[in-house]
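Observations on the three-dimensional arrangement
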Amino acid sequence: MTPAAAAISVYSPSGRVSSRVLGQLAIVGIPGVALCGGLYALCLHYSPAAVVAVLGLIFCSVFTGVVCWLTVWRGHVRSPRFAFWAGLALAAFGLWVHWCVFAYLEFQHGKALALHLVRSGPHGWWVFFDALAEVAVQASPQRFMAGWLPAVWAVEAFLLLSIPASLSRLAATEPYSETAHRWAEKTCTGELWWAGGLSAMLGTRLAEEGVGFLLSHPRAVEHGAPAASCWWTILLECSAVEEDPDARWVSVFVLTHQRRDNGRIATERTAVLADWCVSAEDYARLSAHLGAPAPSADAEPSAGGEEEGEFATALADFENDAFESALLRVEGLLASDNAAMQADAWRLSALCLSRTGQWSRAYDAYRVLFERHPDAHTALQLATTAVMCGEVARGEQWFVTAEALNRAENAVPWADMLISILSAFASTAQWRAGLPYLVKLRQLYECSQSTDDTFLFMQRLPFLQSFFDKSLPFVRAAMGEDEVVAWYAAMRGHLDDGGRQQLDAWLNGLRAGCRPQ
């Protein structure tokens, strides 16, 4: 949430607990969690495979959470604290039922053991688990190592308790009308076009101008998806209680859309305001704005509409790899009177020229685009395109510019920037020129906490083995064979155990001449 939220009235739960919750506990909560716990025990008894057990645990945790959520929602609980502890207690009861049913099904004297669990208190349960762990280790020491089972049970209990308690608390924070005694219902959602980017800026404008600021922005559907590498929209979720004119709320989010190199669009959601209280008049105006009908198919298209249609067709051609066709369609939009359309047209033109290998023309297009939108991503594109043109010095200058802009924008991960420029050097076989950037990439591995493939993937870094193989031509172009080995060996003291093992194996192969020349 942004600091501006403090200056705006937002919904806050009243903290009240309705007597209806007692009936819902008896009808929905207790039977529901008991059923979930029993079904989970049946799953473990009849399908003891680890994969099935994990899936059963996930489903049991989620469905127990849904039961707790329904209990709180149907019980009209508006106290997050009460809802949390009620959900935790219900989940604990479900976990207890699970172990009673499991003991009944799994052991020779299961009925007596289950009755013992029912009648005994915490001390009896502790004795049961201690004995169960000891028996399991003795029966299958390879499968159940000492200390392993208690850790698994702890994880199981954490999931079975935390998810229902969290969902219960979430249910109690939903907007509620104390006048009509009803939860709010979502009436409409929609996206508005937003060029501001930062959510903090949006929160500030909302605090200053209110709903009128949102009404001044067109719907995103009227613009379509641009060819920009990154753009923003405002997502609005409107909820209300019809019988209560004062029960009107709007939740505001900023959606950051980023176009990947493969053409796919990834979207990240950032909350700005949750359950903003607005007047019935403002709510009606905003709902009408979001639900405004699309232009009639019979209406005469405007010049802007024609341009948007032509651009949409060009973008579809680009996404279908018809680059020449997209280039021809977008050429007429390069001089558009609409500044946003003109920028999108230059960007799409540059992308088409890059895909068809026309690097000099692509560089010129990116240069025009940078004059209109001087951001880090476009500067990086200029750096890599200049390298593809064989102009290394110019590419290095643009990379410095991209790096400086990115410090302020933080729009492109540092690893992505290095990999992009190194890919351009590799494509043009300019190995020696790329070595300084390779040294910086090596430093990222040396500073990494782990060389596990999943961790490296999350850090936007290639797998360590891939780094070794793809970096070798750069290093060999600048050094002798002994220096090459020393260059890689210098990483050893900075890697974890797994990384050192991979490095040692790779260096042994390198010394034996098993690596590509």
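Here, every reference points to the structure presented above.
Given the structure is predicted, the values throughout are model-derived calculations rather than measurements.

**Notes on the overall build of the protein**
Secondary structure summary: the protein contains 21 helices and six strands in total. When burial is assessed residue by residue, the protein has 42% of its 517 residues classed as buried. A total of about 26,900 Å² of accessible surface is found on the protein, and carbon and sulfur atoms cover 58% of it.

**Focus on the packing of helix H2 (residues 50-74) against helix H3 (residues 80-106)**
Where H2 contacts H3, the two axes come as close as 10 Å, and the packing angle between them is 135 degrees. Of the possible angle classes, the one that applies to H2 and H3 is oblique. The chirality of how H2 crosses H3 is right-handed. Contact residues: H2 offers Thr 64, Cys 68, Thr 71 and Val 72, while H3 offers Ala 83, Gly 87, Leu 90 and Ala 91.

**Some remarks on the nonpolar core**
Membership of the largest hydrophobic core comes to 67 residues, with the highest contact counts inside it found for Phe 467 and Tyr 488. The biggest single contributor to this core is helix H12 (residues 339-355), with nine residues. Apart from the residues lying within four places of it in its own chain, the contact partners of Tyr 488 are Phe 468, Ser 471, Leu 472, Val 475, Leu 503, Trp 506 and Leu 507. Formed by 23 residues, the second largest nonpolar core is a distinct cluster that contains Ile 234, Val 252, Trp 276 and Tyr 283.

**Some words on the packing of aromatic side chains**
According to the stated counting rule, one finds 18 aromatic pairs in the structure shown. Taking the centre distance of 5.9 Å and the plane angle of 10 degrees together, the rings of Trp 69 and Trp 73 count as stacked. Of this pair, Trp 69 and Trp 73 both sit in helix H2, four residues apart, which is roughly one turn of the helix. Centroid distance Phe 399 to Trp 414: 5.9 Å. Interplanar angle 50 degrees. Geometry classified as tilted. Residue Phe 399 is found in helix H15 (residues 392-409), and its partner Trp 414 is found in helix H16 (residues 414-427); the two are separated by 15 residues along the sequence. In textbook terms, an aromatic cluster arises when at least three aromatic residues are bridged by ring pairs, as seen for Tyr 445, Phe 467, Phe 468, Trp 487, Tyr 488 and Trp 506. Positioned above the aromatic ring of Tyr 283, the side-chain terminus of Arg 248 is 5.8 Å from the ring centre. The lysine or arginine in question, Arg 442, covers the ring of Trp 487, its NZ or CZ lying 4.2 Å from the ring centre.

**Overview of the packing of helix H1 (residues 20-46) against H3**
Their axes nearest at 7 Å, the elements H1 and H3 cross at an angle of 40 degrees. Taken together, H1 and H3 sit at an angle that is classed as oblique. Taken as a pair, H1 and H3 cross one another with a handedness that is right-handed.

**Some words on the environment of Phe 463**
Locating Phe 463 in the fold gives a position in the loop between helix H18 (453-458) and helix H19 (464-478). Note on Phe 463: relative accessible area 40%, which makes it partly exposed. Along the backbone, Phe 463 and Tyr 445 are 18 residues apart, and their C-alpha atoms lie at a distance of 9.8 Å. When sequence neighbours within four positions are dropped, the list of residues in contact with Phe 463 reads Tyr 445, Asp 453, Leu 456 and Phe 457.

**Quick look at the pattern of salt bridges**
Here the structure, examined in full by the defined rule, presents 16 salt bridges. When the shortest N-O distance is used, the salt bridge between Arg 269 and Glu 237 registers 3.2 Å. Taken together, the positions of Arg 269 in strand S6 (residues 265-277) and Glu 237 in strand S4 (residues 230-240) put the pair 32 residues apart, joining distant regions of the chain. Among the residues examined, Arg 269 registers a relative accessible area of 48% and is labelled partly exposed. The salt bridge partner of Arg 394 is Glu 391, with a shortest N-O separation of 3.1 Å. On the basis of relative accessible area, Glu 391 is assigned to the partly exposed category, the value being 35%. Look at the salt bridges and you will find they share partners, linking Arg 16, Arg 78 and Glu 178 into a network.

Cut-offs and rules
Residues numbered from 1 in each chain as written. Predicted model: local features only at pLDDT ≥ 70, side-chain atom pairs only at ≥ 80, totals over all residues. Heavy atoms only, no water. Helix = DSSP H or I, 4+ residues; strand = E, 2+ residues; numbered from the N terminus. Buried < 20%, exposed > 50% of the residue type's maximum accessible area, 1.4 Å probe, protein only. Areas by Shrake-Rupley, 256 points an atom, 1.4 Å probe, with all protein chains shown as cover. Axes fitted to C-alpha atoms, helices over the stretch in contact; angles between N-to-C directions. Parallel < 35°, antiparallel > 145°, perpendicular 65-115°, else oblique. Left-handed = near helix turned anticlockwise from the far one by under 90°. Contact = heavy atoms within 4.5 Å. Core = buried A, V, L, I, M, F, W, Y, C linked by side-chain atoms within 4.5 Å. Phe/Tyr/Trp six-rings, centres within 6.5 Å; stacked < 30°, edge-to-face > 60°. Lys NZ or Arg CZ within 6 Å of the ring centre and 35° of its normal. Salt bridge = Lys/Arg side-chain N within 4 Å of Asp/Glu carboxyl O.

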